[in-house]
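So the chains spell out like this:
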Amino acid sequence: MPVDRSAVRDAARYLRNVRPIDPDEIREYVEGRPDARVVRRILREEAGSLGLVEYPDGTFRPPEAGPIRPTFESVTEVPQQYVSVVEDLLLDRDGRHWATGESGAQLRETIRRFKADYYRQHPVEYDEDVALGYAIYHLPAYYATAQYVLWDLARDGRLDRSLRVLDVGAGVGGPALGLHDLIDPDGSEPALVEYHALEPSAAVTVLEPLLETTGQNFHWEIHRETAEAFDTEGPYDLVLFSNVLSELDDPVDVADEYLDSLSEDGTMVAIAPADRNTSLGLRSVERRLEAGGATVYAPMVRLWPDERPDVDIWSFDERPAVTPPSFQTRLAAEADRPEEFTHTSVKFSYSFLRRDGLRRFDVAADARPVTKLAETDRHVTDRLDVLVAKLSRDLSDDGHPLYTVSDGSERERHFAVLVNETALNRPLLEAAYGDLLSFERVLVLWNDDEGAYNLVVDEETIVDPV
Ligand SMILES: C[S@@+](CC[C@H](N)C(=O)[O-])C[C@H]1O[C@@H](n2cnc3c(N)ncnc32)[C@H](O)[C@@H]1O
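Rules of the game
Residues numbered from 1 in each chain as written. Predicted model: local features only at pLDDT ≥ 70, side-chain atom pairs only at ≥ 80, totals over all residues. Heavy atoms only, no water. Helix = DSSP H or I, 4+ residues; strand = E, 2+ residues; numbered from the N terminus. Rg over C-alpha atoms; globule rule 2.2 N^0.38 Å. Contact = heavy atoms within 4.5 Å. Areas by Shrake-Rupley, 256 points an atom, 1.4 Å probe, with all protein chains shown as cover. Lys, Arg positive; Asp, Glu negative; His and termini not counted. Charge placed at Lys NZ, Arg CZ, Asp CG, Glu CD. Buried < 20%, exposed > 50% of the residue type's maximum accessible area, 1.4 Å probe, protein only. Pairing = 2+ DSSP bridges. Right-handed = clockwise from strand over helix to strand, strands pointing away. Near = heavy atom within 4 Å. Polar contact = N/O pair within 3.5 Å; in protein donor to acceptor, adjacent residues only side chain to side chain. Nonpolar A, V, L, I, M, F, W, Y, C, P; charged D, E, K, R; others polar.

J.: Explain the overall build of the protein to me, please; I cannot follow it from the model alone.
T.: The helix and strand tally for the protein stands at twelve helices and 16 strands. On C-alpha atoms alone, the protein measures out to a radius of gyration of 25 Å, which is about the 23 Å that the 2.2 N^0.38 rule sets for 466 residues. Principal-axis analysis of the C-alpha atoms places the extent of the protein at approximately 85 × 60 × 40 Å. Long-range pairs, those at least 24 residues apart, make up 73% of the contacts in the protein between residues at least 6 apart in sequence. A total of about 20,600 Å² of accessible surface is found on the protein, and carbon and sulfur atoms cover 44% of it. Considering the protein, the positive charge centre built from 49 side chains and the negative charge centre built from 90 side chains are found 3 Å apart.

J.: What is the right way to look at the pairing of strand E6 (residues 236-242) in this model?
T.: Looking along a regular strand, one sees side chains alternate from face to face of the sheet. The buried count for E6 comes to six of seven residues, which makes it a mostly enclosed element. Relative to E6, strand E3 (residues 162-168) is paired through four bridges, and the arrangement is parallel. Bridge pairing links Val165 to Leu238 in E6. Inspection of the sheet shows E6 paired to strand E7 (residues 262-273) by six bridges, in the parallel sense. Paired with Phe241 across the bridge in E7 is Ala270. A crossover links E6 with its parallel partner E7, the connecting element being helix H9 (residues 251-259), and its sense is right-handed.

J.: Which parts of the structure should I look at to understand helix H7 (residues 174-183)?
T.: Three or four residues apart is the spacing at which side chains of an α-helix point the same way, because the helix has 3.6 residues per turn. Counting buried residues along H7, nine of its ten residues qualify, which places the element largely inside the surrounding structure. Restricting attention to buried positions, one finds in H7 the residues Gly174, Pro175, Ala176, Leu177, Gly178, Leu179, His180, Leu182 and Ile183.

J.: Looking at this structure, how should I read unusual backbone geometry?
T.: Where the residue is not glycine, phi is negative for most of them; where a peptide bond is considered, it is trans in most cases. Each neighbour pair has its own omega, and for Gly234 with Pro235 the value is 0°, a cis peptide bond. In this fold, Pro235 is placed in the loop between strand E5 (218-223) and E6. A cis amide bond links Ala298 with the next residue in sequence, Pro299, at an omega value of -10°. Positive phi is not limited to glycine here, since Asn243 has a value of about 55°. With respect to the helices and strands, the residue Asn243 is situated in the loop between E6 and H9. With phi around 65°, Asp306 is a residue other than glycine that occupies positive phi space. In this structure, Asp306 sits in the loop between strand E8 (295-298) and strand E9 (317-319).

J.: Can you walk me through the site of the ligand in this structure?
T.: Taken together, 19 residues form the shell around the ligand, and within it Gly169, Glu199, Ala227, Glu228 and Ser242 come nearest. Taking Glu199, its side chain carries an N or O atom lying 2.7 Å from an oxygen atom of the ligand. The contact in question runs from an oxygen atom of the ligand to an N or O atom on the side chain of Ser242, over 2.7 Å. Coverage of the ligand by the protein amounts to 93% of the 590 Å² it exposes when considered alone. Here the residues of the shell around the ligand sort into ten nonpolar, six polar and three charged.

Written out as structure tokens, the structure is:
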């Protein structure tokens, strides 16, 4: 006799606010007293729609209220269970020696070709070959990137323990797995994730088996549609565009549409590679969405009321490289220049956009005795007090440490250059990407080579974290 699914649901709905739901107890309420294992399977299948998570002790309960608090420091590698999925796909297609001979050569050629296309900003067609090449080459770094970016949001308490996510152009799943592992939906305080991947291409052939390895509290669905055609079915707490905006014909229109599908306190997370074109492209989209009413939450700042930057700021974070997984090293081993096929550096630009007007730094710089960067043109060779965010790692090639800084008002780019380190200006070195700093008596110079202002930090300058 088939188990009465609706009776299981009814019992769970009744008990959910009373006590932890144990499949052993639920079976008592269902006609025929089905096996507890069958009840557990049904509860797992229904948990998403019932708003329940499965705890490590095997009971089902609503997730704790409030944001997730991930314990996270860094990502050093892709977990083996994901590496195995990709290797199994390669094995199924080309056999045990997929990395050598003709199949290896073809994969390397595919990777070379899409790298060249990205570089020249040509469209990339994601067929099955490209999907596998993309997984080999990009999955590790993008898996890591997603975690750093989402952690930056989660540490502000902005990712709820019950989370509805849309991942636009999900690709082969690096960001999805990053999200999954950052949140740890099956940990001691499990989160309930309803994850929707929007992916029109053959990348799904890699994405799907990878999503099959996710935990039982991560409920996923793949929609094989384009962003333009998809009926957004919001609201979402998180809408992710990871390395996708640069591939859309009209990124501003599309992203603007998806802003409307955010929940009231939801966040749109846009990620782009750190290279100049895609990074500046992201800032341009960000500024245009802001002009349309969205709020830039972080990491870019808007410290002056009613001031917006007049320039796209090339800003990216960089984290320790990941260890190349075996599928990368195996493919690279046969190449003349192995480094062409090991992508381990983790460099990325990102933007958090919201609709509720909230910013990470709700600072009104006009209430402080500081000068806005919009006015530095009138102060070249003067010393000024300013309030800025540090928006890069050290960009110098062994010269004086050099950082992109911004207060959100500037008409030209600004760099902070540390020419003479003292105990009083060291916070410039120590600050993390995105941190706010106040500079006292910084010297303003015009840097003709870069077409930018240099804020020269020397023995007279005091730098303080804000
Ligand atoms: C560079 S990949 C990024 C994949 C993944 N988000 C990541 O970060 O690894 C771009 C993805 O966007 C998808 N894509 C391209 N145009 C799209 C569109 N109009 N709507 C939805 N997805 C699209 C592609 O199929 C591809 O999987």
